[in-house]
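As a plain string of letters, each chain reads:
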Amino acid sequence: MNDGHEAQILVLGWNFRGASGPVRERIALTADEVRDGLRRLLGRGLVSESVIVSTCHRSEIYSIGQGEQVGDQLTRFISEWRGLDPALLESASFRRFGAEAARHLFRVASGLDSMALGESEVLGQVRQALSIARETGSTRAVLHRLFESAVRAGKRVRTETEIAVHPLSIPSIGVELATKVFGDLGERTLLLLGSGETGTLFARHALEAGVRNLRIANRTLAHAQDLAARVGARVVPWDSVARELPSADVVVGTTASPVPVVKRADVEAAMRQRRGRPMFFLDLAMPPDVDPEVKGVYNVFAYDLDGLEEVAAGNRRRRVREVPRAEEILEEELERFLGWFGNLSVIPTVTDLKRRLEQIRDGELERLPPGDRERLRPLAESIVAKLLHEPMRRMKNEPDAAKKLDRVEAIRHLFDLDRE
Amino acid sequence: MHALGWIAVLLYAGAEALAIRSLFLPGGLGGAPALVAAGLLTQFAQLVVTARSLGSVPYRTLGGSMSLFGWMLGLAYLVLVVRHRERGVGPFLIPFILAFSILGVLLPSHPSSATSATRGSLFAFHVTLAILAYAAFALSFVLSLLYLIQNRQIRRGRTGVLFSRLPALDVIGRMNRTSVTIGLAVLSVSVALGVTWARRVWTGFADAKLLFALITLLVYGLLLWMDRRGWEGPRVALLSIVGFILVLFSYTFVNLYLSQAHVFR
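The model shown is predicted, which means the values in this text are computed figures rather than measured ones.

## A word on the environment of A:Lys386
- Topologically, A:Lys386 is positioned in helix H16 (residues 370-397).
- Along the backbone, A:Lys386 and A:Leu201 are 185 residues apart, and their C-alpha atoms lie at a distance of 71 Å.

## A look at the layout of surface pockets
Residue and element names in this part refer to chain B.
- Volume-wise, the second largest pocket comes out at about 380 Å³.
- What lines the second largest pocket is a set of 16 residues, and nearest its centre among them are Ala76, Val79, Leu139, Thr178 and Ile182.
- For the lining of the second largest pocket, the secondary structure elements donating two or more residues are helix H3 (62-84), helix H5 (121-156) and helix H7 (169-201).
- When residues in the lining of the second largest pocket are grouped by element, the largest group, seven residues, is from H3.
- A class-by-class count of the residues in the lining of the second largest pocket yields 11 nonpolar, three polar and two charged.

## Concerning the confidence of the model for chain B
- In this model, chain B carries an average pLDDT of 83, and 87% of its residues clear a pLDDT of 70 or more.
- This complex was scored by the predictor with a pTM of 0.74 and an ipTM of 0.84.

## Let's talk about the interface of chain B and chain A
- Taken together, the contacts link 25 residues of chain B with 26 residues of chain A.
- A combined buried area of about 2,100 Å² lies between chain B and chain A, and 50% of that area is made up of carbon and sulfur atoms.
- The largest per-residue losses of area from chain B upon contact with chain A belong to B:Arg155, B:Thr159 and B:Glu232, which jointly make up 28% of the total buried on that side.
- Linking chain B with chain A are two salt bridges, by the criterion used here.
- Residue A:Glu162 pairs with B:Arg165 through a salt bridge whose shortest N-O separation is 2.5 Å.
- At the surface where chain B touches chain A, the tally comes to 16 residue pairs in polar contact (both at pLDDT 80 or more).
- Among the elements that take part in the side of chain B that touches chain A, H5(B) stands out by supplying five residues, more than any other.
- Residues that form the side of chain B that touches chain A fall into these classes: 10 nonpolar, eight polar and seven charged.

## Details of the pattern of salt bridges
Residue and element names in this part refer to chain A.
- Under the counting rule described, the total for this entry stands at 41 salt bridges over all chains.
- The partner of Asp32 in a salt bridge is Arg35, with the nearest N and O atoms 2.8 Å apart. One end of the pair, Asp32, and the other, Arg35, are both in helix H2 (residues 31-43), three residues apart, so they sit about a helical turn from each other.
- A salt bridge links Asp72 to Arg95, with the shortest nitrogen-to-oxygen separation between them at 2.7 Å. Highlighted residues: Asp72 in helix H3 (residues 70-82) and Arg95 in strand S4 (residues 94-97), separated in sequence by 23 residues.
- A residue is classified by how much of its surface remains accessible, and Asp72, at 36% relative accessible area, is partly exposed.

## Thoughts on the nonpolar core
- The biggest cluster of nonpolar side chains holds 105 residues, and the ones touching the most others in it are A:Leu190, A:Leu192, A:Phe202, A:Phe280 and B:Tyr77.
- Top contributing element to this core by residue count: H5(B), with 16 residues.
- What A:Phe280 contacts, discounting residues up to four positions off in sequence, is A:Gly174, A:Leu177, A:Ala178, A:Val181, A:Phe182, A:Asp249, A:Val250, A:Val251, A:Phe301 and A:Tyr303.
- A:Ile78, A:Leu89, A:Ala102 and A:Ile411 belong to the second-largest nonpolar core, a separate cluster that totals 76 residues.

## Here's the deal with the packing of aromatic side chains
- Within this structure, the stated rule accounts for 11 aromatic pairs over all chains.
- Measuring from centroid to centroid gives 5.8 Å for A:Phe337 and A:Phe341, while their planes differ by 10 degrees, and the two rings are stacked. A residue pair is termed a helical-turn pair when its members lie 3 or 4 positions apart in one helix, as A:Phe337 and A:Phe341 do in helix H14 (residues 323-343) at four residues.
- Classification of A:Phe341 as buried rests on a relative accessible area of 8%.
- Aromatic side chains B:Phe96 and B:Phe141 sit 5.8 Å apart centroid to centroid with 80 degrees between the ring planes, which places their arrangement in the edge-to-face category. Of the two residues, B:Phe96 sits in helix H4 (residues 90-106) while B:Phe141 sits in helix H5, which places them 45 residues apart along the sequence.
- With relative accessibility at 13%, the residue B:Phe141 sits in the buried group.
- An aromatic cluster is defined as three or more aromatic residues linked by ring pairs; in this entry it consists of A:Phe337, A:Trp340 and A:Phe341.
- When the ring centre of B:Phe163 is taken as origin, the NZ or CZ atom of A:Lys180, which lies over that ring, is 5.8 Å away.
- Directly above the aromatic system of A:Phe301 lies the positively charged group of B:Arg155, at a separation of 4.0 Å from the ring centroid.

## Describing the side chain of A:Ser240
- Note that A:Ser240 resides in the loop between strand S7 (234-235) and helix H11 (241-244).
- There is a polar contact of 3.0 Å between the side chain of A:Ser240 and the side chain of A:Arg243.

## Section: the pairing of strand S8 (residues 250-253) of chain A
All names here are of chain A.
- Of the two faces of S8, the one carrying Val250 and Val252 and the one carrying Val251 and Gly253 are both buried.
- Two strands pair when backbone bridges link them, and strand S5 (residues 189-193) and S8 are joined in this way by four bridges, in the parallel orientation. Bridging from a neighbouring strand, Leu190 pairs with Val250 of S8.
- Direction of pairing for S8 relative to strand S9 (residues 279-283): parallel, over a ladder of four bridges. Across the sheet, the residue bridging to Val251 is Phe281, located in S9.
- Tracing the backbone out of S8, into helix H12 (residues 264-273) and back to the parallel element S9 gives a crossover that is right-handed.

Reading the values: rules and limits
- Residues numbered from 1 in each chain as written.
- Chains lettered and ligands numbered in written order.
- Predicted model: local features only at pLDDT ≥ 70, side-chain atom pairs only at ≥ 80, totals over all residues.
- Heavy atoms only, no water.
- Helix = DSSP H or I, 4+ residues; strand = E, 2+ residues; numbered from the N terminus.
- 1 Å grid on protein atoms, 1.4 Å probe; cavity = no way out; pocket = protein on both sides within 12 Å on 5 of 7 lines; lining within 4 Å.
- Points joined across faces, edges and corners; volume = space filled by probe spheres on them.
- Nonpolar A, V, L, I, M, F, W, Y, C, P; charged D, E, K, R; others polar.
- pLDDT = per-residue confidence, 0-100.
- Contact = heavy atoms within 4.5 Å.
- Buried area = accessible area lost by both parts, 1.4 Å probe.
- Salt bridge = Lys/Arg side-chain N within 4 Å of Asp/Glu carboxyl O.
- Polar contact = N/O pair within 3.5 Å; in protein donor to acceptor, adjacent residues only side chain to side chain.
- Buried < 20%, exposed > 50% of the residue type's maximum accessible area, 1.4 Å probe, protein only.
- Core = buried A, V, L, I, M, F, W, Y, C linked by side-chain atoms within 4.5 Å.
- Phe/Tyr/Trp six-rings, centres within 6.5 Å; stacked < 30°, edge-to-face > 60°.
- Lys NZ or Arg CZ within 6 Å of the ring centre and 35° of its normal.
- Pairing = 2+ DSSP bridges.
- Right-handed = clockwise from strand over helix to strand, strands pointing away.

Written out as structure tokens, the structure is:
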């Protein structure tokens, strides 16, 4: 902003880079707490607009405020509200102002600032933060536009680059590989060995990926029944695993068995019954549930944890390679936002408004016969000057920076000054 | 008059460039199918012009038959795109369409004068169907190569561009099965028509081309049988590649040097 005591964008935040897990947990806010926090912030008159993004990896307060001390005031506010030591909060926090604050939000929305580079959930969280702030009435022109621009940048990064294409988690990689063998997994049968923590996690993941025909086998039958009831799967008795193999397209090992549960001979027999249709083994257990020799059977795909970790590392490298292109997109969107924001100052708006009214005046004069045109020109000029005088004076003299922004925004909108 | 043929070649070349580009850019088919469709229309116009001047389907010249072959391959590509929305196949298939269309323009197009042996609808169907069958086998060849590439990517856990863009093995396998089945059925009809027609025209007909056509039918028949008998996967893909090498041999060497009844010169 150009005109002295103008309002500026500020972000104060605590994320996984600077704040430890316990600190982040204390600051993390539920949706209701965010609403409460926004009302308190506005009620105290600390800021004129505010949006809070709060996830397990970050809590960030985006605001429009005046003066350098707003950051300190916000830190004090959080410290009182959450009952945290101000010095600790201060040392774990980060602040960005103006264009840097906007750039930070764009990076967050596009997953460039995430622990898992390019992750997609954060875009939804940014969108949700804006919608909560709108409901609460804590956004006006600037933050609304800033967040919408950030969401657009995040979407573009995800569609125009491959930053979110290659999965990083082991279950997602397993599902992706199986999908490249079988196509749609909805019509396939998945046999899950083990119903412990990994098994449960994978079962949920498989259902999300569209698997409808899930079977679960566990040494302790009750555990298998329990998980099967929760995820809507069928239970296979532990001693029938070998008999069940021919009908399973994908087999996932997650048990704590000290010896392999699936042996090569079982798989060879199963493949004969399947008439060579491919089988896919995903061994997430350590020690392995699937005999490594299974890999050698014709048309069988088998992966162990080491193999999957290697794929994850490769995918991570692929995502990193997409960062420069993602940053180019962010800079394009940032430039567009900052162009709009820069115009929100009084001087460019006055210039633009004057030009617009003069265009209208000259356009109308052009339609007159030449003689009338020259005779009426002084009158038209005088009307335009008088029309301009009062709005200009009011915009310039408004002492409240937030109101000034609103007025400038209203003028730009009503006279369509951002149309090029 | 090859202007239309060259325009089609340019359109196919443009389609190939777009198809390669779409491999590396996420989202969309990248305009390649539209250019192939435009190329097909242009090439069709060229084929019609040639057919008018010859007074028959343009298969009596090597160039004409190559052009027809490329055209049918292009049609097969469009069917794949419309049915499966698969863009991974394009960059590998379009070069074949392009190559045959270029050969179609460059190779001799002055036919030996039509004799009573190369006239009539039976003969026309025989040759057109044979070319269609070869196009189906060419498609199967490309799909088999893609199958082997994708199979290797999956086994090695290489999740790069090819892995992402190529279809799932199951999908490639099904497309391959369809094209081999069509090729087999169409070639069988073509051979039957050919034999019927040959009996009418000659007595004591025996031709090396017939022998190779029967071997081709045998190889692709074996392929479909293997596919159902536990050999589904890379082995079937390899056999399809062998089958197509045989087709190429039959289409070129056999036509030019061994056969008496299938000389396009």
